[in-house]
Amino acid sequence: MAQAFTSAPPLSARTGRSEHAGAILTIDLAAIRANYRLLKGLLGKVACAAVVKADAYGLGAARVAPQLALEGCAHFFVAHLDEALALRPHLPQDAALYVLHGPPAGTDAEFVASGIVPVLNSLSQLAAWTALARARGRALPALLQIDTGMSRLGLSEEEQKAVSEEPALREGLELRYVMSHLACAELVDDPLNARQLARFCAARAALPRAPATLANSSGIFLGPEYHFDLARAGAALYGIAPIVGRPNPLAQAVRLDARVIQLRTIAAGTSVGYDATWTAPAPRRIATVATGYADGFPRSLSNRASAWLGELALPLVGRVSMDTLTLDVSALEEGALVPGDLVELIGPHQSPDALAEVAGTNGYEILTSLGARYFRRYLDGAAP
Ligand SMILES: *Cc1c(COP(=O)(O)O)cnc(C)c1O
């Protein structure tokens, strides 16, 4: 007998009251809209899709996607079918919604029923999709991904050749876009960019004539030869720098202010936090802040990053714990910081990219890790 199990949503930490939360995450919808307009400006006549997988990189797809639709965005990408089903009601009827992973086995009919368009990444996904099309007696829309050097998803060179040479393999496929994905577009000088572009053009030429999509955010900045018919922008919409070593032209879209919950003065020689990794060299004033690695603030920042109060950097001392972190606030006058006050963890002084660099990760991971316990505040997305 099959074992019974139930699934349940996680306990929500949100009561709707910012005073209850350890930190306040502010998401600037107007900045996200402005970033979309900037990318559209670079793309000219080429359409710009919004990649809103992983809950719009942690910022809330149900809030972000409708704002982008108001800017004229008509194409949306998520990774999973369930992400698409959850997002569908928040999008205009005529917006196209694509699932990057394609249909899990046996779910093709659900795509058709909900008008969600899969990216087909393998011969087996293509076979299941075209079999359904033939059973329904009509062609069904899908994207076809070609692997051009990422070695992650998409048809290999041989598989793509088979699909090119054997029309039966694609009978019933309404090919919306030929697609591929760049592995290092943020590194403008990496020779893999040009190699992927060449492979993509060759693959495309061998397939029936169809529109094409190659560029992610960074790919948009590589130049018009990478643009084709549709770009797929994710990170840049949320303010992440598209090109390594160049100034970031995008507006930062998040701010994280965390609450001080206790202050203490410690004597010289007293250690702070788990494993006693930091010891006060002299008497020090320590503030405990209600944000930790369970909220997505990386433990690797222990003894490394700072929080900010106005223009003053307050160094993080000791390990980041699950629910708290500790700051050396000795530079402040006593009483300048009291329990209940907020300090900036992400904001004008410390971008997600800057924090990521210290943590040894990228801005994408900082954003997608932003915690469920934060109180979320959305700044108006109305067009200026
Ligand atoms: C995530 C993803 C994107 C968006 O990439 P960004 O670098 O965030 O712009 C585009 N295409 C594919 C296939 C992706 O997986």
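Worth saying up front: this structure is predicted, and the values here are computed from it rather than measured. (Residues numbered from 1 in each chain as written. Predicted model: local features only at pLDDT ≥ 70, side-chain atom pairs only at ≥ 80, totals over all residues. Heavy atoms only, no water.)

Chemist: Even after reading the chapter, I still don't get the overall build of the protein chain, so can you show me in this structure?
Modeler: A tally of helices and strands in the protein chain yields eleven helices and 18 strands. With respect to the principal axes defined by its C-alpha atoms, the protein chain has extents near 80 × 55 × 45 Å. Once local pairs closer than 6 in sequence are excluded, the contacts in the protein chain between residues at least 24 apart make up 66%. Of note, the protein chain has its 33 positive side-chain charges centred 3 Å away from the centre of its 36 negative side-chain charges. (Helix = DSSP H or I, 4+ residues; strand = E, 2+ residues; numbered from the N terminus. Contact = heavy atoms within 4.5 Å. Lys, Arg positive; Asp, Glu negative; His and termini not counted. Charge placed at Lys NZ, Arg CZ, Asp CG, Glu CD.)

Chemist: Where do I start with the packing of aromatic side chains in this structure?
Modeler: For any pair of aromatic rings, geometry is given as the distance between the ring centres together with the angle between the planes. On inspection of all chains with the given rule, the structure shows five aromatic pairs. Between Phe111 and Trp129 the ring centres are 6.3 Å apart and the planes differ by 85 degrees, which places this aromatic pair in the edge-to-face class. Linking Phe111 in helix α5 (residues 108-114) with Trp129 in helix α6 (residues 123-136), this pair joins segments that are 18 residues apart in sequence. On the accessibility criterion, Trp129 (1% relative accessible area) is buried. Both rings, one in Phe200 and one in Phe228, keep their centres 5.0 Å apart while their planes meet at 85 degrees; by these two values the pair is edge-to-face. Pair noted here: Phe200 is in helix α8 (residues 191-206) and Phe228 is in the loop between α9 (217-220) and β9 (230-233), with a separation of 28 residues, a long-range link. For the pair formed by Phe200 and Phe228, the shared burial category is buried. A connected cluster of aromatic rings, assembled from ring pairs, spans Tyr57, Tyr238 and Tyr364. Positioned above the aromatic ring of Tyr378 is the side chain of Arg63, whose terminal nitrogen or guanidinium carbon lies 4.4 Å from the ring centre. (Phe/Tyr/Trp six-rings, centres within 6.5 Å; stacked < 30°, edge-to-face > 60°. Buried < 20%, exposed > 50% of the residue type's maximum accessible area, 1.4 Å probe, protein only. Lys NZ or Arg CZ within 6 Å of the ring centre and 35° of its normal.)

Chemist: Please clarify how the site of the ligand should be interpreted in this entry.
Modeler: Lys53, Tyr57, Ser217, Ala235 and Tyr364 are the nearest of the 14 residues found near the ligand. A distance of 3.3 Å is found between an oxygen atom of the ligand and a side-chain nitrogen or oxygen belonging to Arg152. Arg232 places a polar side-chain atom, nitrogen or oxygen, 2.9 Å from a nitrogen atom of the ligand. Considering the ligand on its own, with 390 Å² of exposed area, one finds that the protein chains cover 94% of that surface. Counting only elements with at least two residues in the shell around the ligand, the list comes to α2 (53-57) and β9. In the shell around the ligand, the residues fall into seven nonpolar, four polar and three charged. (Near = heavy atom within 4 Å. Polar contact = N/O pair within 3.5 Å; in protein donor to acceptor, adjacent residues only side chain to side chain. Areas by Shrake-Rupley, 256 points an atom, 1.4 Å probe, with all protein chains shown as cover. Nonpolar A, V, L, I, M, F, W, Y, C, P; charged D, E, K, R; others polar.)

Chemist: Where do I start with the pattern of salt bridges in this structure?
Modeler: Pairing of side chains with opposite charge becomes possible as their charged atoms draw close. Enumeration according to the criterion identifies twelve salt bridges in this entry. With a closest N to O distance of 2.8 Å, Arg255 and Asp257 form a salt bridge. Residue Arg255 is classed as partly exposed on the basis of its relative accessible area of 30%. What emerges from the salt-bridge pattern is a single network uniting Arg33, Arg37 and Glu71. (Salt bridge = Lys/Arg side-chain N within 4 Å of Asp/Glu carboxyl O.)

Chemist: What should I look at first to understand helix α7 (residues 157-165) in this one?
Modeler: Quick reminder: α-helices carry 3.6 residues per turn. Residues three or four places apart thus point the same way. Considered for burial, the residues of α7 that qualify are Gln160, Ala162, Val163 and Ser164. Those residues of α7 hidden inside the fold are in contact with α6, β6 (140-145) and α8.

Chemist: Looking at this structure, I do not really get the nonpolar core. What am I missing?
Modeler: Counting residues in each nonpolar core, the largest one holds 114 residues, and the members touching the most others are Ile32, Phe76, Phe77 and Tyr238. In terms of residue count, the dominant contributor to this core is helix α1 (residues 29-43) (six residues). Two domains each put at least three residues into this core: domain 1 (29-238) and domain 2 (254-350). Contact partners of Phe77, with chain neighbours within four places excluded, come to Ala49, Ala50, Val51, Val52, Lys53, Tyr98, Leu100, Val119, Leu143, Met179, Leu230 and Arg232. One finds Trp278, Ala280, Ile286 and Val317 within the second-largest nonpolar core, a separate group that totals six residues. (Core = buried A, V, L, I, M, F, W, Y, C linked by side-chain atoms within 4.5 Å. Domains from an automatic or database assignment.)

Chemist: Would you mind going over the domain arrangement of the protein chain with me for this structure?
Modeler: The parts lose accessible area when they come together, and the size of an interface is often stated as this lost area. Segmentation of the protein chain into domains returns domain 1 (29-238) and domain 2 (254-350). One C-alpha centre belongs to domain 1, the other to domain 2, and the line joining them spans 42 Å.

Chemist: Help me out: how do you make sense of the packing of α1 against helix α3 (residues 61-70) in this one?
Modeler: Two quantities define a packed helix pair, namely the angle between the axes and the distance from one axis to the other. Where α1 contacts α3, the two axes come as close as 10 Å, and the packing angle between them is 45 degrees. When the axis of α1 is compared with that of α3, the two are oblique. The handedness of the crossing between α1 and α3 is right-handed. Counting all contacts with α1, which are made through Leu29, Ile32, Arg33 and Tyr36, the residues of α3 involved are Arg63, Val64, Gln67, Leu68 and Leu70. Of the residues in the contact of α1 with α3, the class split is six nonpolar, one polar and two charged. (Axes fitted to C-alpha atoms, helices over the stretch in contact; angles between N-to-C directions. Parallel < 35°, antiparallel > 145°, perpendicular 65-115°, else oblique. Left-handed = near helix turned anticlockwise from the far one by under 90°.)

Chemist: Whenever I open this one, the sheet that holds strand β8 (residues 212-213) confuses me. Can you help?
Modeler: By way of backbone hydrogen bonds, the strands of a sheet pair with one another, either parallel or antiparallel. Judged by pairing direction, the sheet is parallel, and its eight strands sit side by side in the order β8-β7-β6-β5-β4-β3-β2-β9 without closing on themselves. Each edge of the sheet is formed by a strand with only one pairing partner; in this case those strands are β8 and β9. Pairing analysis gives four bridges linking strand β2 (residues 47-51) to β9, with the strands arranged parallel. Note on β9: the bridge partner recorded for Ala50 is Ala233. (Pairing = 2+ DSSP bridges.)

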